[in-house]
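Residue-level listing of the chains:
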Amino acid sequence: MIWADKTAYSAATLKYPKCRFVARALEATEFKTLATNGEILELTGEVVKTRETSCKVLVSARDLTTGREVFSTDFIMVNIIEGSKQPIQVADAKTTASA
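Residues numbered from 1 in each chain as written. Predicted model: local features only at pLDDT ≥ 70, side-chain atom pairs only at ≥ 80, totals over all residues. Heavy atoms only, no water.

A. Representation of the overall build of the protein within the structure. Assigned secondary structure in the protein consists of one helix and six strands. For the protein, whose C-alpha radius of gyration is 14 Å, the value lies close to the compact-globule estimate of 13 Å for 99 residues. Once the C-alpha set of the protein is aligned to its principal axes, its extents read approximately 40 × 25 × 20 Å. Evaluated residue by residue, the protein yields a buried proportion of 32% over its 99 residues. Only carbon and sulfur atoms are counted for the fraction: they give 51% of the accessible area of the protein, which is about 6100 Å². Distance from the positive charge centre (13 side chains) to the negative charge centre (12 side chains) of the protein: 4 Å. (Helix = DSSP H or I, 4+ residues; strand = E, 2+ residues; numbered from the N terminus. Rg over C-alpha atoms; globule rule 2.2 N^0.38 Å. Buried < 20%, exposed > 50% of the residue type's maximum accessible area, 1.4 Å probe, protein only. Areas by Shrake-Rupley, 256 points an atom, 1.4 Å probe, with all protein chains shown as cover. Lys, Arg positive; Asp, Glu negative; His and termini not counted. Charge placed at Lys NZ, Arg CZ, Asp CG, Glu CD.)

If you want it as structure tokens, here you go:
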């Protein structure tokens, strides 16, 4: 799940580059199939909802050889600056990240 966390961070940071995000919560993880040793997975992240100090990032993984979805999950990413929640500063940027 560390790669999913990094993908969520990348997606949030690409959309809001002036923010410093940390993962606050991981919700609704759905494993759809088993990933076996040696499979190559593609992870994608997309910001699907934004609130004042946080955003929700949908992260999904698929097997590149078969195209099947392995899992999907939602991360809640919070903008933390100097130890406290700060409003998200909106800037035009890309909304999808891949790892």
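What follows continues from the structure just given.
B. Representation of the packing of aromatic side chains in the model. Taken as a whole, this structure holds two aromatic pairs when the rule is applied. Taking 6.4 Å as the distance between ring centres and 50 degrees as the angle between the ring planes, the aromatic pair formed by Tyr16 and Phe21 counts as tilted. Of the two residues, Tyr16 and Phe21, neither departs from the other in class, the shared state being buried. Ring geometry for Phe31 against Phe71: centres 5.8 Å apart, planes inclined by 45 degrees, an arrangement best described as tilted. Taken as a pair, Phe31 in strand β1 (residues 21-31) and Phe71 in strand β4 (residues 69-81) lie far apart in primary sequence, 40 residues in all. (Phe/Tyr/Trp six-rings, centres within 6.5 Å; stacked < 30°, edge-to-face > 60°.)

C. The environment of Thr73, seen in detail. Take Thr73: it is sitting in strand β4. Assessed through its relative accessible area of 0%, Thr73 is described here as buried. Measuring from C-alpha to C-alpha, the distance between Thr73 and Val57 comes to 8.3 Å, with 16 residues separating the pair along the chain. What Thr73 contacts, discounting residues up to four positions off in sequence, is Met1, Leu26, Glu27, Ala28, Thr29, Val57, Leu58 and Val59. Here the side chain of Thr73 touches Thr29 through a polar contact of 2.7 Å, side chain to side chain. (Contact = heavy atoms within 4.5 Å. Polar contact = N/O pair within 3.5 Å; in protein donor to acceptor, adjacent residues only side chain to side chain.)

D. Representation of the pattern of salt bridges. In total, this model carries five salt bridges according to the counting rule given. One salt bridge connects Arg62 with Glu42, and the closest N-O pair in it is separated by 3.0 Å. Remark: Glu42 occurs in strand β2 (residues 41-50) and Arg62 occurs in strand β3 (residues 54-63); sequence separation between them is 20 residues. According to the relative accessible area criterion, Glu42 is partly exposed, its value standing at 24%. (Salt bridge = Lys/Arg side-chain N within 4 Å of Asp/Glu carboxyl O.)

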